[in-house]
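# Chain and residue survey
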There are 2 protein chains.
Amino acid sequence: MSMPYLTPAIRLRRTPFSRRVEAAGAKAYTVYNHMLLASFFRSVEEDYAHLKRAVQVWDVSCERQVEIVGPDALRLVQLTTPRDLSRMANDQCYYIPMVDEEGHMLNDPILIKLANDRYWVSIADTDMLYYFKGLASGFRLNAKAFEPDVSPLAIQGPKADKLVARVFGQEIVDTKFFRYKTISFQGKEMIVARSGWSHQGGFELYLDGSEYGEPLWDLLFEAGKDIDIRAGGPNLIERIEAGLLSYGNDITIDTTPFEAGLGKFCNLDTATDCLGHEALLMQQDPSRQIRSISISGPPVSSITSYWPLKDYEGDRAGHISSATWSPDFETNVAIGMVHRAHWTPGTELIVETEAGEQTATVRDSSWI
Amino acid sequence: MSMPYLTPAIRLRRTPFSRRVEAAGAKAYTVYNHMLLASFFRSVEEDYAHLKRAVQVWDVSCERQVEIVGPDALRLVQLTTPRDLSRMANDQCYYIPMVDEEGHMLNDPILIKLANDRYWVSIADTDMLYYFKGLASGFRLNAKAFEPDVSPLAIQGPKADKLVARVFGQEIVDTKFFRYKTISFQGKEMIVARSGWSHQGGFELYLDGSEYGEPLWDLLFEAGKDIDIRAGGPNLIERIEAGLLSYGNDITIDTTPFEAGLGKFCNLDTATDCLGHEALLMQQDPSRQIRSISISGPPVSSITSYWPLKDYEGDRAGHISSATWSPDFETNVAIGMVHRAHWTPGTELIVETEAGEQTATVRDSSWI
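Quick notes on the rules
- Residues numbered from 1 in each chain as written.
- Chains lettered and ligands numbered in written order.
- Predicted model: local features only at pLDDT ≥ 70, side-chain atom pairs only at ≥ 80, totals over all residues.
- Heavy atoms only, no water.
- 1 Å grid on protein atoms, 1.4 Å probe; cavity = no way out; pocket = protein on both sides within 12 Å on 5 of 7 lines; lining within 4 Å.
- Points joined across faces, edges and corners; volume = space filled by probe spheres on them.
- Nonpolar A, V, L, I, M, F, W, Y, C, P; charged D, E, K, R; others polar.
- Contact = heavy atoms within 4.5 Å.
- Buried area = accessible area lost by both parts, 1.4 Å probe.
- Salt bridge = Lys/Arg side-chain N within 4 Å of Asp/Glu carboxyl O.
- Core = buried A, V, L, I, M, F, W, Y, C linked by side-chain atoms within 4.5 Å.
- Buried < 20%, exposed > 50% of the residue type's maximum accessible area, 1.4 Å probe, protein only.
- Pairing = 2+ DSSP bridges.
- Helix = DSSP H or I, 4+ residues; strand = E, 2+ residues; numbered from the N terminus.
- Axes fitted to C-alpha atoms, helices over the stretch in contact; angles between N-to-C directions.
- Least-squares fit on C-alpha atoms with pLDDT ≥ 70 in both.
- Disulfide = S-S within 2.5 Å.
- Left-handed = near helix turned anticlockwise from the far one by under 90°.
- Polar contact = N/O pair within 3.5 Å; in protein donor to acceptor, adjacent residues only side chain to side chain.
- Patch = residues over 30% accessible without salt bridge, like charges linked within 9 Å, V, L, I, M, F, W, Y side chains within 5 Å.
- Areas by Shrake-Rupley, 256 points an atom, 1.4 Å probe, with all protein chains shown as cover.
- Arc of directions from axis to C-beta.
- Phe/Tyr/Trp six-rings, centres within 6.5 Å; stacked < 30°, edge-to-face > 60°.

Our focus in this paragraph is empty space enclosed by the protein. Any space left empty among the atoms is revealed by the rolling of a water-sized probe across them. Inspection of the entire model under this criterion finds five cavities of 30 Å³ or more. Taken as a whole, the largest cavity holds about 90 Å³ of empty space. As for the largest cavity, its lining consists of A:Leu12, A:Val31, A:Tyr32, A:Asn33, A:His34, A:Asp125, B:Val31, B:Asn33, B:His34 and B:Asp125. The residue makeup of the lining of the largest cavity, split by class, is four nonpolar, four polar and two charged.

Set out below in structure tokens:
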């Protein structure tokens, strides 16, 4: 499939930064949580090289927040995840698998604890708001779930520290990984976390109020002029090199946390209130699991449906869910689901792409 | 904003008909329920004219089904809607507002009753599956919610009857409005309803099994050759002329059924199990409501965020949520939310489009 056009509509929501993103030359978009997300600006390859050497500002407003507030807020969130939330600090962010009663993945958000009775769930591309609403009604919890006017802006890349030091001060740079601090922008308090969907380091600023979007964007770009600041977005090549999973691509509602390699976030001894707890107890020894996989041969095309993996006897061995050419590693980097019999690092398999068969090798870890 | 490109990804799911849709020359897409939906083929205007004179086949697989099955199926669905489902027949389809506890719209699907303990909810663009899962868990209901491998294919236009008579027989053509009958395709039973998101008449066939998609498509196109059959999709111009509301555009989670003009589907005397029942009782006399609105002057541009409506004193009077030029009515046709003080048919207002101010007139009904 060549790249098609996307028909504009209100239903595909614009963000507080959309005009700046357009002015910066966004060339293509995806739709994520009913909202526009720029995929690349110059090209995926150019953006990738720049991300690894400089600093980028990403409009990731589409990482919508579900705010959970009320006396039963913690209880409501804990129902949805096997990660034990009881010791979470008030300035902390957790990456958490969210599951249904069958232990199947519904989302893999970042949870942000704002107060003992107030959380933000920074969601991947499914309407978690609806799950929380259903649970809150059904369990008659004293907690409200809604989408606030909050839009994350990511600052990513090796020069992110330099930029943030200039704009918000060294104290913010000193924030520990997956912790946040509060800044004041034009008199409005907002949180900045050391996090982001790349392995280049950086921050996510949770814009609190759409009206602050363009002034904030302009402030950052003015301050970063001499360090080659550019608009960017989650980069397909870099995120596969980093082994970052994408809900809807690598993980779906058919995946368990253990199959996704997220067993370390399943505290089954303590997080017994999670609705999926009983199911998860039976799933700890999965028969398939997500792996990083290299694919030799020529650069692969865009992947728009799973590519089957098979062994040399022709038996099904799993599938590839993400793949692209990596200029830095000079191979195709990929993520896929591999059956137990084939998941030993170094195992060679055959992948059936639209363009034909290529050799795939299971890795023991991601590239970066 | 000029029309941007859409970056392909597995997360933007292809359908059982995608290869045929591409071969038919789809020029642009939208994303709906995490799935591709072709917006137009030749142009929106050409597709519109053709829809009104011939027959089109629409890949509306993105109208995903949520299957609700089990002894508590009816109870689970009734929790979500103020429409009384108790007298629904076993071959019937209902258009239903779905609301949360506050009486706010979560979706406006077609409900299909397959059996006393089995329903399909043919959803607009939100993850209703998650709401049903949350409710089923919270209320401990004996009902399961999941997404089956079912993909609707719409057959729309004045010659739809002719095509369906040829392919499935006169008995299917004789199906009453919002009722369905069962056909057999290659030995597989599937349902065909007299319904569809246009006012040109037609059917929706619920493809049951992706593997039947291309043979079914080919059968229809072969049978319709001499009556100018074409691929199409929900048409922006025609659906506004018909006053068909679009969730995410005209209706959102901030809208009540009464504001959406869906009061006739709220059986507040009998559907007392609906979770929003108490809230809805207080909302029956709304201070704003959706109206069809004509906009004079030159053809308007694409609408990507609400256009404010104001009166001649400059007071806010509502907003426009859908708008486009109608070749047949030689005016801009629109849908918007209008405050009570301004909603009398014939009221003239000012609409602020990106291109400047134009005159808007509130209508008493849609165009067709």
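Taken residue by residue, the interface counts 53 residues in chain A and 54 residues in chain B. Roughly 5000 Å² of surface becomes buried between chain A and chain B when both sides are summed, with 58% attributable to carbon and sulfur atoms. Counting the surface chain A buries against chain B, the share from its top three residues, A:Ile10, A:Arg11 and A:Tyr130, is 17%. Along the contact surface separating chain A from chain B lie eight salt bridges.

Bringing the nonpolar core into the picture now. In this structure, A:Ile68 and B:Ile68 are the most contacted members of the largest nonpolar core, which totals 135 residues. Ignoring sequence-local partners within four residues, the contact set of A:Ile68 consists of A:Ala73, A:Leu76, A:Val77, A:Asp117, A:Arg118, A:Tyr119, A:Val121, A:Phe132, A:Ala143, A:Lys144 and A:Ala145. Core analysis: the second largest hydrophobic core is formed by 72 residues, A:Leu6, A:Leu36, A:Val164 and A:Leu207 among them.

Residue and element names in this part refer to chain A. Taken in spatial order, the six strands close into a barrel running 17-20-19-18-21-22, and their pairing is antiparallel. Averaged over all pairs of adjacent strands, the angle between strand axes in this sheet comes to 40 degrees, irrespective of strand direction. Bridge count for strand 21 (residues 348–353) against strand 22 (residues 356–362) is six bridges, and the pairing is antiparallel. Across the sheet, the residue bridging to Val351 is Gln358, located in strand 22.

Our focus in this paragraph is the pairing of strand 20 (residues 331–339) of chain B. Residues and elements named next belong to chain B. Across the nine residues that make up strand 20, a large majority, eight, are buried. Alignment of strand 17 (residues 288–295) against strand 20, held across eight bridges, turns out to be antiparallel. Each residue of the ladder has a partner; that of Gln289, found in strand 20, is Val338. Here strand 19 (residues 316–326) pairs with strand 20 via eight bridges, running antiparallel. Looking at strand 20, one finds that His319 is bridged to Met337. In this antiparallel pair of consecutive strands, strand 19 and strand 20, the connection spans four residues, and Glu330 shows a positive phi of 50 degrees.

Overlaying chain A on chain B yields an RMSD of 0.0 Å, the required transformation being a rotation through 180 degrees with an accompanying axial translation of 0.0 Å. What we have between these two chains is a two-fold relation. The residues that chain A uses at the interface reappear at the interface of chain B in 100% of cases, marking a shared surface.

So, about the state of the cysteines. All names here are of chain A. Evaluation of the coordinates by the stated rule reveals zero disulfides over all chains. Among the cysteines around Cys62, which has no disulfide bond, Cys93 carries the closest sulfur, lying 17 Å off. The thiol sulfur of Cys274 is not disulfide-bonded, and the nearest other cysteine sulfur, from Cys266, lies at 8.0 Å.

Looking now at the pairing of strand 13 (residues 180–185) of chain A. Residues and elements named next belong to chain A. Bridge count between strand 13 and strand 14 (residues 188–193): six bridges; the pairing is antiparallel. Within strand 14, the residue paired with Phe185 across the bridge is Lys188. Counting the residues between successive antiparallel strands, the hairpin from strand 13 to strand 14 contains two residues, one of them, Gln186, with a positive phi of roughly 50 degrees.

All names here are of chain A. Here helix 3 (residues 73–80) crosses helix 4 (residues 128–138) at 115 degrees, and the two axes come no closer than 10 Å. Helix 3 and helix 4 meet at a crossing whose hand is right-handed. Of helix 4, the residues touching helix 3 (which contributes Leu76, Val77, Leu79 and Thr80) are Tyr131, Phe132, Leu135 and Ala136.

Mapped onto the secondary structure, B:Asp125 falls in the loop between strand 10 (118–122) and helix 4 (128–138). On the accessibility criterion, B:Asp125 (6% relative accessible area) is buried. At 3.2 Å, the side chain of B:Asp125 forms a polar contact with the side chain of A:His34. In terms of polar contacts, B:Asp125 uses its side chain to reach the backbone amide nitrogen of B:Asn33, at 2.7 Å. Excluding residues within four positions of it along the chain, B:Asp125 makes contact with A:Arg11, A:His34, B:Val31, B:Tyr32, B:Asn33 and B:Asn107.

Residue and element names in this part refer to chain B. Tallying each qualifying case throughout the model produces 48 salt bridges over all chains. The partner of Arg194 in a salt bridge is Asp161, and the shortest N-O contact between them spans 3.1 Å. On the criterion of sequence distance, the pair formed by Arg194 in the loop between strand 14 (188–193) and strand 15 (202–208) and Asp161 in helix 5 (residues 160–168) is long-range, its members being 33 residues apart. Residue classification places Asp161 among the partly exposed positions, given a relative accessible area of 31%.

Here we come to a nonpolar patch on the surface. Together, A:Met3, A:Tyr5, B:Met3 and B:Tyr5 give the surface a local cluster of nonpolar side chains, amounting to about 330 Å² of exposed area. Following the sequence through the fold, B:Tyr5 ends up in strand 1 (residues 5–6). Judged by relative accessible area, which is 35%, B:Tyr5 ranks as partly exposed.

To continue, consider helix 2 (residues 44–51) of chain A. Helical geometry: 3.6 residues make up each α-helical turn, so side chains three or four residues apart lie on a common side. Turning to helix 2 of chain A, its buried residues are A:Asp47, A:Tyr48, A:His50 and A:Leu51. Seen end-on, helix 2 of chain A carries its buried residues on one side only, within an arc spanning 165 degrees.

A word on the environment of B:Pro158. Residues and elements named next belong to chain B. By the element assignment, Pro158 lies in the loop between strand 12 (150–156) and helix 5. Relative accessible area serves as the criterion here: at 44%, Pro158 is assigned to the partly exposed category. Among all residues touching Pro158, those that are not within four sequence positions of it are Leu51, Lys52, Arg53, Ala54 and Gln200.

Quick look at the sheet that holds strand 14 of chain B now. Residues and elements named next belong to chain B. Sheet architecture is open: six strands sit in the order 13-14-15-12-4-16, paired in mixed fashion. Edge strands, defined here as strands with exactly one partner in the open sheet, are strand 13 (180–185) and strand 16 (229–232). Going across the sheet, the axis of each strand differs from the next one's by a mean of 25 degrees, ignoring polarity. Sheet topology places strand 4 (residues 55–59) next to strand 12; four bridges connect them, and they run antiparallel. If you follow Asp59 over to strand 12, its bridge partner there is Leu153.

For the rest of this paragraph, the subject is the packing of aromatic side chains. Residue and element names in this part refer to chain A. On inspection of all chains with the given rule, the structure shows 15 aromatic pairs over all chains. Residues Tyr95 and Phe265 carry aromatic rings whose centres are separated by 5.4 Å and whose planes lie at 75 degrees to one another, so their mutual orientation is edge-to-face. Here the residue Tyr95 occupies a position in strand 6 (residues 93–95), and Phe265 occupies one in the loop between helix 8 (236–241) and helix 9 (277–281), the gap between them amounting to 170 residues. Classification of Tyr95 as buried rests on a relative accessible area of 18%. Aromatic side chains Trp120 and Tyr206 sit 5.9 Å apart centroid to centroid with 35 degrees between the ring planes, which places their arrangement in the tilted category. Here Trp120, found in strand 10 (residues 118–122), pairs with Tyr206, found in strand 15 (residues 202–208); they are 86 residues apart in sequence, far enough to count as distant. Here Trp120 falls in the buried class, since its relative accessible area comes to 4%. Overall, the relative accessible area of 0% leaves Tyr206 in the buried class. Through a chain of ring-to-ring contacts, three or more aromatic side chains come together here, namely Phe17, Trp217 and Phe221.

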